[in-house]
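Architecture and fold: a report
Next come the chains, spelled out residue by residue.
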Amino acid sequence: PPPPPPPPPPPPPPPRAAPPAPRVPRGAPPPPRGPPRRTRQFLSMFTGADPDASGDGGGSVCAGCTGIVGIVEQLVYIHDQPVVTVLDEICKLFHGGLEKVCEVAVDIFAPVLINAIEMKETPDRICQLLTACTNDTCHLFPLPESKKGAPLPPALVAEVLELHARWYPFEKVIQKLEDTFNDHVPFKDFDNDKFSTHDTLRGSSWRGKDCDDINKHVYPGRNATDLPANVDHNCNGIYGSAQNGTSWEELLCGDTPYYGTAILGDSAAAHFHIPPDFVTAKDLNKSTFTDLIPMLLNEFDWPEMSATSGFTEQNWVGKPIGPVVSSYQNTRKNNLCSHRDFQNCGVNGARTSSMASNIMYSLARDQKNDKPLNLMYALVGNDVCNGTMELRSVLRCTGKGSRQVPSLKRSGEM
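Figured I'd write up the structure that's included with this text.

Focus on the state of the cysteines
Here a disulfide denotes a covalent bond joining the sulfur atom of one cysteine to the sulfur atom of another. This model, assessed by the stated rule, comprises four disulfides. Disulfide partner of Cys 211: Cys 235, at an S-S distance of 2.1 Å. Across the disulfide from Cys 211 to Cys 235, rotation about the S-S bond amounts to roughly -80°, and the bridge is consequently left-handed. One end of the pair, Cys 211, is in the loop between helix H8 (171-182) and helix H9 (248-253); the other, Cys 235, is in the loop between H8 and H9, and 24 residues separate them in sequence. Residue Cys 211 is classed as partly exposed on the basis of its relative accessible area of 35%. Accessibility expressed as a relative area gives 0% for Cys 235, which makes it buried.

Quick word on the sheet that holds strand E3 (residues 373-378)
Ordered in space as E2-E1-E3, the three strands form an open sheet in which the pairing is parallel. Edge strands, defined here as strands with exactly one partner in the open sheet, are strand E2 (342-346) and E3. Shown here is a sheet whose adjacent strand axes are inclined to one another by a mean of 10°, direction ignored. Both strand E1 (residues 260-265) and E3 contribute to a ladder of six bridges, which runs parallel. Each bridged residue has a counterpart across the sheet, and for Gly 265 the counterpart in E3 is Ala 378.

Re the pattern of salt bridges
The tally for this structure, following the rule as stated, stands at seven salt bridges. We note a salt bridge from Arg 125 to Glu 121, for which the minimum N-O separation is 2.5 Å. By relative accessible area, Glu 121 is classed as buried at 3%. As a salt-bridge pair, Glu 145 and Lys 148 come within 2.9 Å of each other at their nearest N and O atoms. The network of salt bridges with common partners includes Glu 121, Arg 125 and Lys 147.

Notes on the packing of helix H4 (residues 98-118) against helix H6 (residues 154-161)
Interhelical geometry of H4 versus H6 gives an angle of 170° and a closest axis separation of 10 Å. In terms of axis orientation, H4 runs roughly antiparallel to H6. Contacts between H4 and H6 pair Pro 111, Val 112, Asn 115 and Ala 116 from the former with Leu 156, Glu 159 and Val 160 from the latter.

Considering a nonpolar patch on the surface
Nonpolar side chains collect at one region of the surface, where Trp 248, Leu 251 and Leu 252 lie side by side and expose about 290 Å² of accessible area between them. When you line up the elements, Trp 248 lands in helix H9. A relative accessible area of 37% means that Trp 248 is categorised as partly exposed.

Criteria and cut-off values
- Residues numbered from 1 in each chain as written.
- Predicted model: local features only at pLDDT ≥ 70, side-chain atom pairs only at ≥ 80, totals over all residues.
- Heavy atoms only, no water.
- Disulfide = S-S within 2.5 Å.
- Helix = DSSP H or I, 4+ residues; strand = E, 2+ residues; numbered from the N terminus.
- Buried < 20%, exposed > 50% of the residue type's maximum accessible area, 1.4 Å probe, protein only.
- Pairing = 2+ DSSP bridges.
- Axes fitted to C-alpha atoms, helices over the stretch in contact; angles between N-to-C directions.
- Salt bridge = Lys/Arg side-chain N within 4 Å of Asp/Glu carboxyl O.
- Parallel < 35°, antiparallel > 145°, perpendicular 65-115°, else oblique.
- Contact = heavy atoms within 4.5 Å.
- Patch = residues over 30% accessible without salt bridge, like charges linked within 9 Å, V, L, I, M, F, W, Y side chains within 5 Å.
- Areas by Shrake-Rupley, 256 points an atom, 1.4 Å probe, with all protein chains shown as cover.

Set out below in structure tokens:
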């Protein structure tokens, strides 16, 4: 008889489970997110804008980029000099260490700028190339006939993509700056009550000055307190007691109800202003950028001169023109007990989505322990060059995807 057939081979072993993903330690920096976002982040350092809340056309990042590239082009044509020479001369105008930051920016962007200007690209198209501007129908500079409807040159697009390798040395620096500005609360705030004794970096230029930055129960707008009468618990300058033992706060303010003043808004609320000399080549001189550092630290905003929270005329070189008249000033004039009780939570490029998810939480108010607040909500600056029909914009902001009103109610901070 024929031999029996060989036994069937044993079944293959079951496939090994994939190893678990490595655990990312807490506090580890996120992986690089690619050149387009990093470019926007780097440019946002010079405009104070939130790179993720930039409006449909690019917002303040776009405006800042277009202004910078525009002035470079003007100087190139006015003085008939190479782009690199012009960039080096511009960096020499900066003070206080900013010249080094300028040199870093030149090292990163100079090759793209040189090639783009040689190709007769306009500042608007160059900033679209750098992803700072996102609406190709909005142009500040005249568009030549040869460029109308034409795509961006592929060679320049490829060069921008190569910027990714140049970001690596600055990854941690950019991430640290982004973390600092994203919360929109004072950078120097030792007691974490969202009020500060420092003026810039979302400090007392933006909200009433803290009079005790190591006591979280002392801040502008505070109502209820267990502190003695000799402590100015709401920082309005009224403290101490009369001869009968009653506190001056109770005698002067007890029967006069008052309200604080605050605004949640965008660049219009924050009073965004770039001095005209910054973007006019013929006006550049050694004093042009004298106060650039405090302007950068205040994100090119002037909340201390705004229509809502304005309280003083700033003396920086390049300040906005005109007297300061604000809602806070009128409130304070009617009742001096409301001294320092104001907050400006305006953010360049803010939108309803970023407002509901992040910006509104920078407002400091406690329903139980603080005075009532007159709160204004104003997103009015993002209708310029948004490329969207007005009616559609309104419908989009009030449709099913809009959750800002419920979110405000849920926050518990109104």
